[in-house]
Amino acid sequence: MRTNQEIEKQKRGGKRDEICRTCQPRNVCTGSAQRVKQIWKTGKAAMNHVLLTSLQDGMGADEFAENFGKLVEPIKEEDEIILLADIIGGSPLTTALDVLTKKGLLAKTTAFGGMNLPMALTATLMKDALDTESLKASLVSESRDAIKEMELKLDDDEEDDI
C-alpha cells in the first residue's frame with residue numbers, strides 16, 4: 001500500500017516541495033503555485049507574476065539553489081518576500097533562505113512552513129490588500145481554519161449524501 005506522500009508525489013508528476021514567487025510589491029513563494037494558477041486562471045491580474053521552481057527528484061541542493069537564485073534575480077531592494085513552503089526545516093525552504101541571505105534579501109523575507117492551498121491563495125490574493133502584520137495573521141488563520149477532519153457517514157442508505 002502506498003503512503004499519502006507517495007500518492008501526492010505521483011499526482012505532482014514526481015515534483016516535490018515546489019517554491020514560486022509572485023512579483024511586486026510583495027513576492028510570494030509557495031508550494032501550491034501551479035494549483036493556485038489553475039484555480040485562478042481568470043484572475044490574471046492577481047496571478048500574472050507567479051513564477052515557479054521545483055526541487056525535482058534527483059536534483060541536488062546546489063542545482064536547486066542555482067535555479068532559485070535565478071528566479072529571485074528580479075526582486076528589488078524595496079520588495080517584500082513572503083516565502084511559503086510545506087516543511088519547516090526541509091531542504092527547499094532552508095536552501096531558499098540561504099539564497100535570499102546571500103543576496104541580502106533575508107531582512108525583506110517572511111517565511112512560513114506548513115503551507116497548504118488556502119494559505120497560498122490568501123497570500124496571492126491578499127498580498128496587496130493587507131499590511132504585512134495583518135497578512136501574516138491572515139495566512140496562519142486561513143491555513144489553520146482549513147484543517148478539519150471530514151466526518152464520513154458510512155450508512156449504505158446515505159451513499160448519495162457524500
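Located above this text is the structure these notes cover.
Residues numbered from 1 in each chain as written. Predicted model: local features only at pLDDT ≥ 70, side-chain atom pairs only at ≥ 80, totals over all residues. Heavy atoms only, no water.

## Things to note about the overall build of the chain
Right, on to step 1. Helix and strand content of the chain: seven helices and five strands.
Right, on to step 2. Start at the N end of the chain and walk to the C end: the helices and strands fall as α-β-β-α-α-β-α-β-α-β-α-α.
Right, on to step 3. Counting over 162 residues, the chain shows a buried share of 36%.
Right, on to step 4. Of all intrachain contacts in the chain linking residues separated by at least 6 positions in sequence, the fraction that spans at least 24 positions is 71%.
Right, on to step 5. On the chain, roughly 10000 Å² of surface is accessible, and the fraction owed to carbon and sulfur atoms is 50%. (Helix = DSSP H or I, 4+ residues; strand = E, 2+ residues; numbered from the N terminus. Buried < 20%, exposed > 50% of the residue type's maximum accessible area, 1.4 Å probe, protein only. Contact = heavy atoms within 4.5 Å. Areas by Shrake-Rupley, 256 points an atom, 1.4 Å probe, with all protein chains shown as cover.)

## Some details on the packing of helix 6 (residues 117-126) against helix 7 (residues 132-145)
A pair of packed helices is captured by two measures, namely the crossing angle of their axes and the spacing between those axes.
Right, on to step 1. At a closest axis distance of 8 Å, the pairing of helix 6 and helix 7 adopts a crossing angle of 150 degrees. In terms of axis orientation, helix 6 runs roughly antiparallel to helix 7. In this structure, helix 6 crosses over helix 7, and the sense of that crossing is right-handed. Residues Pro118, Met119, Thr122, Ala123 and Met126 of helix 6 lie in contact with helix 7, whose contacting residues are Leu135, Ser138, Leu139, Glu142 and Ser143.
Right, on to step 2. Per-class residue counts for the contact of helix 6 with helix 7 are six nonpolar, three polar and one charged. (Axes fitted to C-alpha atoms, helices over the stretch in contact; angles between N-to-C directions. Parallel < 35°, antiparallel > 145°, perpendicular 65-115°, else oblique. Left-handed = near helix turned anticlockwise from the far one by under 90°. Nonpolar A, V, L, I, M, F, W, Y, C, P; charged D, E, K, R; others polar.)

## Overview of the pattern of salt bridges
Right, on to step 1. If you walk through the whole model with that rule in mind, you get four salt bridges.
Right, on to step 2. With a shortest N-O distance of 3.3 Å, Lys70 and Glu66 are connected by a salt bridge. Here the residue Lys70 and the residue Glu66 both occupy positions in helix 4 (residues 61-71), the gap between them amounting to four residues, near one helical turn.
Right, on to step 3. On the accessibility criterion, Lys70 (49% relative accessible area) is partly exposed.
Right, on to step 4. Of the charged contacts, one joins Lys136 and Glu133 as a salt bridge, the two residues approaching to 3.1 Å between their closest N and O atoms. One end of the pair is Lys136 and the other is Glu133, both in helix 7 and three residues apart, which spans about a single turn. (Salt bridge = Lys/Arg side-chain N within 4 Å of Asp/Glu carboxyl O.)

## Considerations on the nonpolar core
Right, on to step 1. Counting 15 residues, the largest nonpolar core has Phe68, Val72, Leu83 and Leu100 as the members making the most contacts within it.
Right, on to step 2. Broken down by secondary-structure element, the contributors of at least two residues to this core are helix 4, strand 4 (80-84) and helix 5 (91-102).
Right, on to step 3. When residues of this core are assigned to their parent elements, the largest contribution, four residues, is made by helix 5. (Core = buried A, V, L, I, M, F, W, Y, C linked by side-chain atoms within 4.5 Å.)

## What to know about the pairing of strand 5 (residues 109-112)
Walk down a regular strand and you will see the side chains alternate between the two sheet faces.
Right, on to step 1. Bridge count between strand 4 and strand 5: four bridges; the pairing is parallel. Residue pairing in the sheet places Ile82 in a bridge with Thr110 of strand 5.
Right, on to step 2. After leaving strand 4, the chain enters helix 5 and then returns to the sheet as strand 5, a path that is right-handed. (Pairing = 2+ DSSP bridges. Right-handed = clockwise from strand over helix to strand, strands pointing away.)

## Some thoughts on the environment of Gly90
Right, on to step 1. Checked against the element boundaries, Gly90 lands in the loop between strand 4 and helix 5.
Right, on to step 2. Taking the relative accessible area as the measure of exposure, Gly90 reaches 14% and is therefore buried.
Right, on to step 3. As a C-alpha pair, Gly90 and Gly113 span 23 residues in sequence and 9.0 Å in three-dimensional space.

## Examining helix 4
Right, on to step 1. Listing the buried residues of helix 4 in full gives Phe64, Phe68, Gly69 and Leu71. Viewed end-on, helix 4 has its buried residues packed into an arc of 155 degrees, placing them on one side of the element. (Arc of directions from axis to C-beta.)

Limitation: the analysis is restricted to geometry and does not speak to function.
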